[in-house]
Amino acid sequence: MDNAAETLMVTMERARYPVLVEAQALTTLPEWLKNLGLRGTLWLVCDEAVAHPYGRPLVAMLRAAGFTVNFTTVPSGEASKSSAQLGLLYDWLISGGVERRDTILALGGGVIGDLAGFAAASVLRGIAVIQLPTTLLAMVDAAVGGKTGINHPLGKNLIGAFHQPQLVLADTATLATLAPRELRAGWAEVIKHGVISDASLFAELEALAVERGWNLAAPGGCWTPDDDDLTMRLTAIIRRAVAVKVGVVSRDEREQGERITLNYGHTIGHAVEALMGYGTLLHGEAVALGMHAAARLALAMKLCSADLVQRQQNVLGAYGLATTMPPELDPSAILALTLRDKKVQARRVRWVLPTAIGHVVIRDDVPEALVRDVLVSR
Ligand code: NAD
Ligand code: GLY
């Protein structure tokens with residue numbers, strides 16, 4: 001596999017921006033800012049958990065390069081995707097004299113990307129944002145594609161806007177400090193991207209798993225900064241997974257068609273996440289369960305082979321992800337919640353189902369009884 005750090009490009013009708021996936025990508029930020037002509041004040045919004053290792057050194061580097069930088073931290077966790085926290089960001093920006101030519105830098109996981117991205121989308125009717133993801137999930141999913149927003153007490157991600165960044169820098173070296181469980185949840189999205197659209201990405205994940213005795217989830221997760229060879233391979237794999245997202249959102253920014261395929265595993269995943277109580281399972285862990293159920297549903301519909309189901313299960317397991325539903329979950333409750341899934345159109349659930357590794361279809365004609373069978377047989 002080629003390890004050359006080529007820059008990916010999101011190309012939409014009204015937006016075009018680079019996405020760099022590389023160890024130490026953050027050190028290239030001053031150069032990018034100059035090349036992009038972003039000379040206004042920089043407003044760095046940073047997850048408090050990464051302020052010490054990455055946020056403060058980044059501020060120092062940018063100031064040394066001649067930029068004016070304002071810095072704030074946001075408490076870690078989903079609770080920060082709130083109107084209260086957004087209000088605090090508005091206060092900070094407006095009282096600090098934010099101008100139209102300024103840029104917000106979002107440093108952290110998907111929570112910071114969504115929150116700071118929405119602040120950028122809305123303050124002064126929109127200023128520039130640069131996404132600097134530090135979780136695997138944010139690198140391969142949240143930072144690319146321009147979905148920004150906050151939660152409402154009645155549901156997740158109900159308030160937001162599409163606001164494409166000027167640049168995404170995914171510094172894979174930051175994954176060295178990420179909790180192993182968070183890392184594993186991110187691998188679910190990487191594997192998902194292989195299954196929906198890149199058979200050779202999936203094959204690479206499989207090959208690495210075979211080499212490592214089907215266990216990349218040893219203590220410390222599967223990010224070992226001391227192993228240069230493994231770090232380079234994993235970075236190349238992540239870049240490939242990001243490329244899938246870059247391609248999908250470039251072809252379908254507003255989720256009119258192909259972007260729906262990114263929701264593979266999410267119909268049942270969302271239901272499981274909600275039923276277990278948000279925060280019990282990480283999103284990626286629930287998606288892994290949903291991917292396994294969706295593949296079994298595809299098999300029951302005769303859309304895919306048993307071999308596909310097995311290969312996907314093996315790879316999920318190798319990266320530390322469970323595929324067996326928690327026994328306390330009632331299949332009827334899962335079924336009922338899937339019918340309320342946000343991708344339901346005209347009361348029909350739009351299922352994303354695999355037909356081959358690297359290929360999925362969207363179907364709204366899956367019999368409820370079949371879903372029940374799959375959930376009951378676990
Ligand atoms: P997160 O932002 O909560 O980060 C997970 C945890 O890791 C947090 O505790 C954080 O403090 C910590 N952390 C982050 N980077 C770290 C690092 N390098 N070292 C040590 N700790 C670190 O969660 P997430 O999984 O990154 O993102 C989830 C959010 O993303 C959800 O709100 C979800 O709705 C959103 N999301 C958005 C999109 C989109 O398209 N906009 C897509 C998927 C998910
Ligand atoms: N996370 C799904 C999307 O960006 O559309």
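Residues numbered from 1 in each chain as written. Chains lettered and ligands numbered in written order. Predicted model: local features only at pLDDT ≥ 70, side-chain atom pairs only at ≥ 80, totals over all residues. Heavy atoms only, no water.

With an unreviewed UniProt entry as reference, the protein chain is termed 3-dehydroquinate synthase, source organism Candidatus Chloroploca asiatica. Under the UniProt heading Pathway (unreviewed entry), the note attached to the protein chain is "Metabolic intermediate biosynthesis; chorismate biosynthesis; chorismate from D-erythrose 4-phosphate and phosphoenolpyruvate: step 2/7." Under the UniProt heading Catalytic activity (unreviewed entry), the note attached to the protein chain is "7-phospho-2-dehydro-3-deoxy-D-arabino-heptonate = 3-dehydroquinate + phosphate". (UniProt positions renumbered as here; feature names shortened; annotations may be inferred.)

Strand pairing in a sheet is mediated by backbone hydrogen bonds. Such pairs are either parallel or antiparallel. Spatial ordering of the open sheet is given by S1-S2-S9-S6-S5-S3-S4, a layout of 7 strands whose pairing is mixed. Only two strands of the sheet have a single neighbouring strand rather than two, namely strand S1 (8-11) and strand S4 (69-74). On average, each strand axis in the sheet is tilted by 15 degrees relative to the strand beside it, whichever way the strands run. Across the face of the sheet, helix H1 (residues 29-36) comes into contact with strand S2 (16-22), strand S3 (42-47), strand S5 (103-108), strand S6 (128-133) and strand S9 (167-171) while running at roughly 170 degrees to S9. On top of the sheet, helix H8 (residues 228-251) reaches S1 and S2; it is set at about 15 degrees to S1, its chief contact. (Pairing = 2+ DSSP bridges. Helix = DSSP H or I, 4+ residues; strand = E, 2+ residues; numbered from the N terminus. Axes fitted to C-alpha atoms, helices over the stretch in contact; angles between N-to-C directions. Contact = heavy atoms within 4.5 Å.)

Our focus in this paragraph is the UniProt feature "binding site: Zn(2+)" (unreviewed entry) in the protein chain. As annotated by UniProt and renumbered to match this structure, "binding site: Zn(2+)" (unreviewed entry) occupies Glu189, His266 and His283. Over a stretch of 95 residues, the named residues converge on one spot in the fold, their C-alpha atoms separated by at most 10.5 Å. Tracing the sequence through the fold places Glu189 in helix H6 (residues 180-197). Setting aside its immediate chain neighbours within four residues, Glu189 contacts Leu137, Val140, Asp141, His266, His283 and Val287. Tracing the sequence through the fold places His266 in helix H9 (residues 266-276).

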